[in-house]
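Letter by letter, the chains look like this.
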Amino acid sequence: MNNNFKMVAKTMFGFEEILAKELRNLGAGNVEEGVRSVFFEGDTGFMYKANLCLRTAIKIVKPIHSFRVRDENDLYKKIYAMDWFEYLSTSTTFAIDATVNSENFTHSLYVSQKTKDAIVDKFRDTDGSRPDVDIKFPDVRINIHIQNDQCNVALDSSGRSLHQRGYRTATNIAPINEVLAAGLLLLSGWDGQYDFLDPMCGSGTLLTEAAMIACNIPANINRKEFAFEKWHDFDADLFEKIVDSSLKRTREFNHRIIGYDKAPSAVRKAQDNIVNANLSDYITVERKNFFDTEKFTDNHLHMVFNPPYGERLDIEMEDFYTDIGNTLKRNYPGTDAWFITSNLEALKFVGLRPSRKIKVFNSHLESRLVKYIMYEGSKKAKFNKAE
């Protein structure tokens, strides 16, 4: 018997293709890319596995109903008509998250309120008592999405955003989001086959995500809770089996992952987070200024970093990006260097031509993930050799 159902994995702009690939690799069915989302099918066990293992998903939602809606009274009637007893009880707390893009519905908070009223009235009319709303820590979180006249109702199986992995307790100014870090690493082609360097590591998020990818450790293994664990039909034994089987697929990593930062406070925070993630055996963090360093290996090096930008730290942008280019040229032959920046003007000062530019978003900032290939010797000599 096929117990599969439709689900949606939400993600950041630009990560749809890599999230779809992650889902296929995990075993999802009917994978289809959307905008900041990927649609797929799987059973309850796969829903648990998707939350545990996906690196570039922000949330996994389970659609439960869809209908056309004209106005707020129509919304109330159709929400009221649903069988909410399948998902909630009078002792369950719940919260509503609403997103609207419609001429008939212009306020998401009003849609949330109408939905809440319909659910509460349904219970009160049937049982004489009602479930309570808990905005911060609900047992069940319900998503309402209205696009024009189409309303989709879904259950949020994740709860807090999946970027909150559970290992990061110490952060610096504007730390990079864990899902963004994992997505940048996967876009860069990182798979654990080389030595890795983050020369401006901050609180160590790129280092930690790089080690988890290299060792095939489930992305959310350190997370304390998922929303589905509070659902009526939660199967604790099945979830335990999913966790055990995912951990059995981890692999050994025989290269080095190294991080530099010139701030002692950043080095300490990175080390604390790496200990929290149980990855101290794989990652070394050193207090160094990238501009005074040289490549630490004779082999190929994979570098990914998130340099500071004007909104985050006060730096001389032109000099800073010039120094990045000069350091890469002089001291890092045989390196694929990737970094993300929202300052597209500053890229001109690197003095190197990027071989790739990928549009991504860092929070609300449109950014580029750029790649610079630093050849052994000169580029000209490299091509002459190939001939």
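What counts and how
- Residues numbered from 1 in each chain as written.
- Predicted model: local features only at pLDDT ≥ 70, side-chain atom pairs only at ≥ 80, totals over all residues.
- Heavy atoms only, no water.
- Pairing = 2+ DSSP bridges.
- Helix = DSSP H or I, 4+ residues; strand = E, 2+ residues; numbered from the N terminus.
- Right-handed = clockwise from strand over helix to strand, strands pointing away.
- Axes fitted to C-alpha atoms, helices over the stretch in contact; angles between N-to-C directions.
- Parallel < 35°, antiparallel > 145°, perpendicular 65-115°, else oblique.
- Left-handed = near helix turned anticlockwise from the far one by under 90°.
- Contact = heavy atoms within 4.5 Å.
- Nonpolar A, V, L, I, M, F, W, Y, C, P; charged D, E, K, R; others polar.
- Patch = residues over 30% accessible without salt bridge, like charges linked within 9 Å, V, L, I, M, F, W, Y side chains within 5 Å.
- Areas by Shrake-Rupley, 256 points an atom, 1.4 Å probe, with all protein chains shown as cover.
- Salt bridge = Lys/Arg side-chain N within 4 Å of Asp/Glu carboxyl O.
- Lys, Arg positive; Asp, Glu negative; His and termini not counted.
- Charge placed at Lys NZ, Arg CZ, Asp CG, Glu CD.
- Buried < 20%, exposed > 50% of the residue type's maximum accessible area, 1.4 Å probe, protein only.

In terms of strand pairing, strand E10 (residues 257-261) meets strand E11 (residues 283-287) through five bridges, oriented parallel. In the strand pairing of E11, Asp261 is matched with Arg287. With respect to chirality, the unit in which E10 leads through helix H8 (residues 264-276) into the neighbouring parallel E11 is right-handed.

A word on the packing of helix H2 (residues 44-53) against helix H7 (residues 236-247). Across the interface, H2 lies against H7 with an axial gap of 10 Å and an inter-helix angle of 50°. Our classification of the angle between H2 and H7 gives oblique. For the element pair H2 and H7, the recorded crossing hand is right-handed. For the pair H2 and H7, contact is made by Thr44, Gly45, Tyr48, Lys49, Leu52 and Cys53 and by Leu238, Phe239, Ile242, Val243 and Ser246, respectively. Of the residues assigned to the contact of H2 with H7, the class counts are seven nonpolar, three polar and one charged.

With that settled, consider a negative patch on the surface. The grouping of Asp83, Glu86, Asp233, Asp235, Asp237, Glu240 and Asp244 at the surface amounts to a negative patch. Within the secondary structure, Glu240 is located in helix H7.

Attention now moves to the pattern of salt bridges. Two side chains that carry opposite charge are able to pair once their charged atoms sit near each other. Summed over all chains, the structure comprises 17 salt bridges. For Arg70, the salt bridge goes to Asp74, with nearest N and O atoms at 3.7 Å. With a relative accessible area of 6%, Asp74 lands in the buried category. A salt bridge links Lys295 to Glu376; the shortest N-O distance between them is 3.8 Å. Of this pair, Lys295 sits in the loop between E11 and strand E12 (301-305) while Glu376 sits in the loop between strand E15 (365-374) and helix H10 (379-386), and the two are 81 residues apart along the sequence. For Glu376, a relative accessible area of 48% puts it in the partly exposed group. Taken together, the shared-partner salt bridges connect Arg70, Asp74 and Lys78 into one network.

Fair warning: the whole summary comes from geometry, so function is off the table for now.
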